[in-house]
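Fold and geometry: a report
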Amino acid sequence: MTTRREFLTSCALAGAALTTGGKTVAHAAAQQRESESTGRPLVVSTWSFGQAANAAAWNLLAPGGAALDAVEQGARVPESDPANRTVGLGGLPDRDGHVTLDACVMDHAGRAGSVCFLEGYEHPVSVARKVMEETPHVMLAGAGAAQFAAEQGFTTRDLLTDDARNAWNEWRKEARYEPTANAERHDTLGILAVDQDAHLAGACTTSGMAFKLHGRVGDSPIIGAALYVDGEIGCATATGHGEFVMRTLGSFLVVELMRQGRSPQDACTEAVERIVRSLGDDPGETQVGYLALDPRGRIGAFAVQPGFQYAVRDGARDEIIDAASAF
Ligand code: ASP
């Protein structure tokens, strides 16, 4: 059995001080230290449902399209999928029955746009792109974001499907109506792409934690938390318990570690380790997964515990991969 200390040391974390508490990791982790790509263009997304997002992105990337267009089109796929309960249409509502959406985009030039606590619009990622391109601001929230979306010509839609309403009603019967994180009911799409010109871009979109307190905003629309892009260095995205990602500004951290010379894989591992240090020996239901990409097409992924998957699409691959984890 490999201890966490042995594993992390074997990852050659460039002299990082490691506090491990003797926890163990799966041997599979070692196999995932470096996931080399076959070259550009390439797109990666969080979770298995990211494969459908990648397909839409690939349609643009393969003939030479721009990474920013690709990640936006990719993110729109789960946003429109009523069967996806964690993003856009069909997303599970908050404690009070409102579907509130968070999304952001960022490109290789450092431009960024974001919306949070947005209700009634199916494609928050596209509204976020409009914030980036049509305003001098980075983030719009709630009613102001909805007003801006209307002004930009987006049409409203009731996003609470019968299925999601039924799930909420069931939860209300069982739940003690407390604002506890529910590990089974949250998953964000984070999508990162590098195009033929080596330009990077990323997007992130979610309905956030199911049955969250009304007004709660997670990491997903926060530039630097769930998404960060540096055109020279690389980009990163996050999924899972947003509060842990926000407290450590995780995606910014991953990219800054890459700037210091870490590979995308080692950077994701170290960013998870910062969270693990606060969890002690038992992560409970806490899950965070990071996914990173550099302009060479190197991928990194690491999670607090097993279960985090990501999808990769390039000229040679269209697959879903289990990420290694700390526990
Ligand atoms: N990160 C999202 C949030 O905290 C949820 C998730 O990715 O599962 O809102």
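This one's a predicted model, so the numbers in the text were calculated from it and none came from an experiment.

The next subject is the packing of aromatic side chains. Aromatic ring pairs are defined here through the distance separating the ring centres and the angle between the ring planes. Scanning the entire structure with this criterion turns up three aromatic pairs. Centroid distance tyrosine 228 to phenylalanine 252: 4.9 Å. Interplanar angle 85 degrees. Geometry classified as edge-to-face. Taken together, the residues tyrosine 228 in strand E7 (residues 227-230) and phenylalanine 252 in helix H8 (residues 250-259) connect sequence positions 24 residues apart. Its relative accessible area of 18% is what places tyrosine 228 among the buried residues. Positioned above the aromatic ring of tryptophan 168, the side-chain terminus of arginine 172 is 3.8 Å from the ring centre. Taking NZ or CZ as reference, arginine 247 lies 5.2 Å from the ring centre of phenylalanine 244, over its face.

Before going further, it helps to examine the pattern of salt bridges. Side chains carrying opposite charge are able to pair once their charged atoms draw close together. Under the defined criterion, the tally for this structure stands at 18 salt bridges. The salt bridge involving aspartate 162 is made with arginine 165; its shortest N-O contact spans 3.2 Å. Here the residue aspartate 162 and the residue arginine 165 both occupy positions in helix H6 (residues 162-174), the gap between them amounting to three residues, near one helical turn. Connected through shared salt-bridge partners, Asp69, Glu72, Asp107, Arg111, Arg129 and Glu133 make up one network.

What follows is about the sheet that holds strand E9 (residues 288-293). Pairing in this open sheet of five strands is mixed, and the strands run E7-E8-E9-E10-E13 from one edge to the other. Sheet topology places E7 and strand E13 (324-325) at the edges, where each strand pairs with a single neighbour. Taken together, the two bridges between strand E10 (residues 299-303) and E13 define a ladder with parallel strand orientation. Residue alanine 303 lies in a different strand from E13, and its bridge partner there is serine 325. In the packing of H8 onto the sheet, the strands contacted are E7, strand E8 (234-240) and E9, and the crossing angle to E8 comes to about 145 degrees. Against the sheet, helix H9 (residues 264-276) makes contact with E9 and E10, and its axis sits at roughly 20 degrees relative to E10, the strand it touches most.

Extensive coverage of strand E11 (residues 309-314) is indicated by the burial of five of its six residues. Pairing between E11 and strand E12 (residues 318-322): five bridges, direction antiparallel. Within E12, the position partnered with alanine 311 by the bridge is isoleucine 320. Between E11 and E12, which pair antiparallel in sequence order, lie three residues.

Here we take up the packing of helix H2 (residues 50-61) against helix H3 (residues 67-79). Where H2 meets H3, the closest approach of the two axes is 7 Å, and the angle between their N-to-C directions is 150 degrees. One element, H2, and the other, H3, form an angle in the roughly antiparallel class. For the pair H2 and H3, the sense of crossing is right-handed. Touching Ala52, Ala53, Ala56, Ala57, Leu60 and Leu61 of H2 are Ala67, Asp69, Ala70, Gln73, Gly74, Val77 and Pro78, all from H3. Tallied by class, residues from the contact of H2 with H3 come to ten nonpolar, two polar and one charged.

With 13 residues, H9 should cover 18 Å at 1.5 Å per step; its first-to-last C-alpha distance of 18 Å lies within 8% of that length. H9 sits mainly inside the fold: twelve of its 13 residues count as buried. Along H9, the residues that are buried comprise Pro264, Gln265, Asp266, Ala267, Cys268, Thr269, Glu270, Ala271, Val272, Glu273, Ile275 and Val276.

Tracing the chain through its elements places threonine 188 in the loop between H6 and strand E5 (189-194). Engagement of the side chain of threonine 188 in a polar contact is seen with the side chain of threonine 206, the distance being 3.0 Å. Threonine 188 has contacts with Thr46, Trp47, Phe49, Cys204, Thr205, Thr206, Ser220, Ala238 and Thr239, leaving out every residue within four places of it along the chain.

Cut-offs applied
- Residues numbered from 1 in each chain as written.
- Predicted model: local features only at pLDDT ≥ 70, side-chain atom pairs only at ≥ 80, totals over all residues.
- Heavy atoms only, no water.
- Phe/Tyr/Trp six-rings, centres within 6.5 Å; stacked < 30°, edge-to-face > 60°.
- Helix = DSSP H or I, 4+ residues; strand = E, 2+ residues; numbered from the N terminus.
- Buried < 20%, exposed > 50% of the residue type's maximum accessible area, 1.4 Å probe, protein only.
- Lys NZ or Arg CZ within 6 Å of the ring centre and 35° of its normal.
- Salt bridge = Lys/Arg side-chain N within 4 Å of Asp/Glu carboxyl O.
- Pairing = 2+ DSSP bridges.
- Contact = heavy atoms within 4.5 Å.
- Axes fitted to C-alpha atoms, helices over the stretch in contact; angles between N-to-C directions.
- Parallel < 35°, antiparallel > 145°, perpendicular 65-115°, else oblique.
- Left-handed = near helix turned anticlockwise from the far one by under 90°.
- Nonpolar A, V, L, I, M, F, W, Y, C, P; charged D, E, K, R; others polar.
- Expected span 1.5 Å × (residues − 1).
- Polar contact = N/O pair within 3.5 Å; in protein donor to acceptor, adjacent residues only side chain to side chain.

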